[in-house]
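# Observations on the model geometry
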Amino acid sequence: MSAASSKEYGFLRANALSLAFGAVFVVTLGGQAISGTADFNAQQKANGLEPVSLLEYVTSSSFGVDVMENWQSEYLQFFLYIFATVWLVQRGSSESKKPGEEGTESDKEQKIGRHADEDSPKWAKTGDWRTVIFSRSLGLLMGALFLLTWVASSLVGWAAFNSEQLAERQDPVSWLGYLGEADFWNRSFQNWQSEMLAVGSMAVFSVYLRQRGSPESKPVGVAHAETGQTG
Amino acid sequence: MRGVRFVFAGYLLVIVLGIVYVSALGLMGR
């Protein structure tokens, strides 16, 4: 069976993966907002304080820091994974290049400059600074998003930290002061560690385990020793 | 491929707006 052309696929089916995850993202963010409000209000009650509304909660630093500390770790994960898989291999993994293919590969293999195809992206054909940037654009975007989300999480974490300091009648800290607080690093490390475990285990689990039909897996009958996306 | 561009731009917009919104919450000290 040949692959269907884009004309046979409507907008929804052609973008099903991205749209489905986008929809689940919205639903789960809503779930976080509702359960977060309930959790926040349980603590307010325990401290003898007034409960807050859903709107007040989602415009609070308490909600913001819980969202952004998770975002930053996801983009760190993808940024590191995209770069690490250029240079490091895992023998037998569907997530890895074959041993011996480490590195950025030749212009011919990457179809850039004079090796570009007719339908190659414009910035792949030029062979100048545009190709240099385009060749790294996915990693650059993930790296930039990591830095931006990490800075955002530090700003909102700083505000949340200071409101807790004030509630406990302690002095607020400056933003730079917050970057040296255990709270900031605890929030960062607790998210980072889970991403590293998930990525490392996924890379090696895909050596011996299969998921029929998934591009994240080797075809079911392919040998364990076979590395790379063979099907 | 035209439709895919909208999904691409949509994701990027949501991420950037999220970053701006949460940063603003932090800077306003909410």
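Reading the values: rules and limits
- Residues numbered from 1 in each chain as written.
- Chains lettered and ligands numbered in written order.
- Predicted model: local features only at pLDDT ≥ 70, side-chain atom pairs only at ≥ 80, totals over all residues.
- Helix = DSSP H or I, 4+ residues; strand = E, 2+ residues; numbered from the N terminus.
- Buried ≥ 20, exposed ≤ 12 C-beta atoms within 10 Å, placed from the backbone.
- Contact = placed C-beta atoms within 7 Å.
- Axes fitted to C-alpha atoms, helices over the stretch in contact; angles between N-to-C directions.
- Parallel < 35°, antiparallel > 145°, perpendicular 65-115°, else oblique.
- Left-handed = near helix turned anticlockwise from the far one by under 90°.
- Nonpolar A, V, L, I, M, F, W, Y, C, P; charged D, E, K, R; others polar.
- Core = buried A, V, L, I, M, F, W, Y, C linked by C-beta atoms within 7 Å.
- pLDDT = per-residue confidence, 0-100.

This part covers the overall build of chain A. For chain A, the count of helices and strands is nine helices and zero strands. Along chain A, helices (α) and strands (β) appear in the sequence α-α-α-α-α-α-α-α-α when read from the amino end. Projected onto its principal axes, the C-alpha coordinates of chain A cover approximately 65 × 40 × 35 Å. When each of the 231 residues of chain A is scored for burial, the buried share is 21%. In chain A, once contacts between residues fewer than 6 apart in sequence are set aside, the share between residues at least 24 apart is 51%.

A word on the interface of chain A and chain B. It is common to give the size of an interface as the accessible area lost on bringing the parts into contact. On the side of chain B, 14 residues touch chain A, which itself brings 22 residues to the contact. Going through the elements one at a time, helix H1 (11-14), helix H2 (16-46), helix H4 (61-87) and helix H7 (137-167) of chain A are the ones with two or more residues in the side of chain A that touches chain B. Per element, the largest residue contribution to the side of chain A that touches chain B is nine residues, and it comes from H7(A).

Further remarks concern unusual backbone geometry. Residue and element names in this part refer to chain A. For glutamate 105, which is not a glycine, the phi torsion comes out positive at approximately 65°. Along the chain, glutamate 105 falls in the loop between H4 and helix H5 (122-125). Not every positive phi belongs to a glycine, and lysine 111 is a case in point at roughly 55°. Inspection of the secondary structure puts lysine 111 in the loop between H4 and H5. By the C-beta count within 10 Å, which is 13 here, lysine 111 ends up partly exposed.

A separate point is the packing of H2(A) against H4(A). Residues and elements named next belong to chain A. Packing of H2 against H4 brings their axes to within 11 Å, and their N-to-C directions diverge by 130°. The angle between the axes of H2 and H4 places the two elements in the oblique class. In this structure, H2 meets H4 at a crossing whose hand is right-handed. Contacts from Gln32, Ala33, Gly36 and Phe40 in H2 reach Ser62, Phe63 and Asp66 in H4. Among the residues forming the contact of H2 with H4, the class breakdown is three nonpolar, three polar and one charged.

With that settled, the discussion passes to the nonpolar core. If you look at the biggest cluster of nonpolar residues, it comprises 25 residues, and the most contacted ones within it are A:Met68, A:Tyr75, A:Phe146, A:Ala152, A:Val156, A:Ala159 and B:Val22. Counting residues per element, the ones that place at least two in this core are H4 and H7 of chain A together with helix H1 (2-27) of chain B. Here the element with the most residues in this core is H7(A); it accounts for eleven residues. Residues contacting A:Met68, with those up to four places away along its chain left out, are A:Thr149, A:Ala152, A:Ser153, A:Val156 and B:Val22.

Across chain B, pLDDT averages 95, with 100% of residues at or above 70. Taken over the whole predicted complex, pTM reads 0.93, whereas the ipTM for its chain interfaces reads 0.95.

All right, on to the packing of H7(A) against helix H9 (residues 182-208) of chain A then. Residue and element names in this part refer to chain A. In the contact formed by H7 and H9, the axes pass within 10 Å of each other and the chain directions differ by 130°. Between H7 and H9, the angle falls in the class oblique. For the element pair H7 and H9, the recorded crossing hand is right-handed. Taking contact as the criterion, the partners of Ser154, Gly157 and Phe161 in H7 are, on H9, Asp183, Phe184 and Arg187. Residue composition of the contact of H7 with H9, by class: two nonpolar, two polar and two charged.

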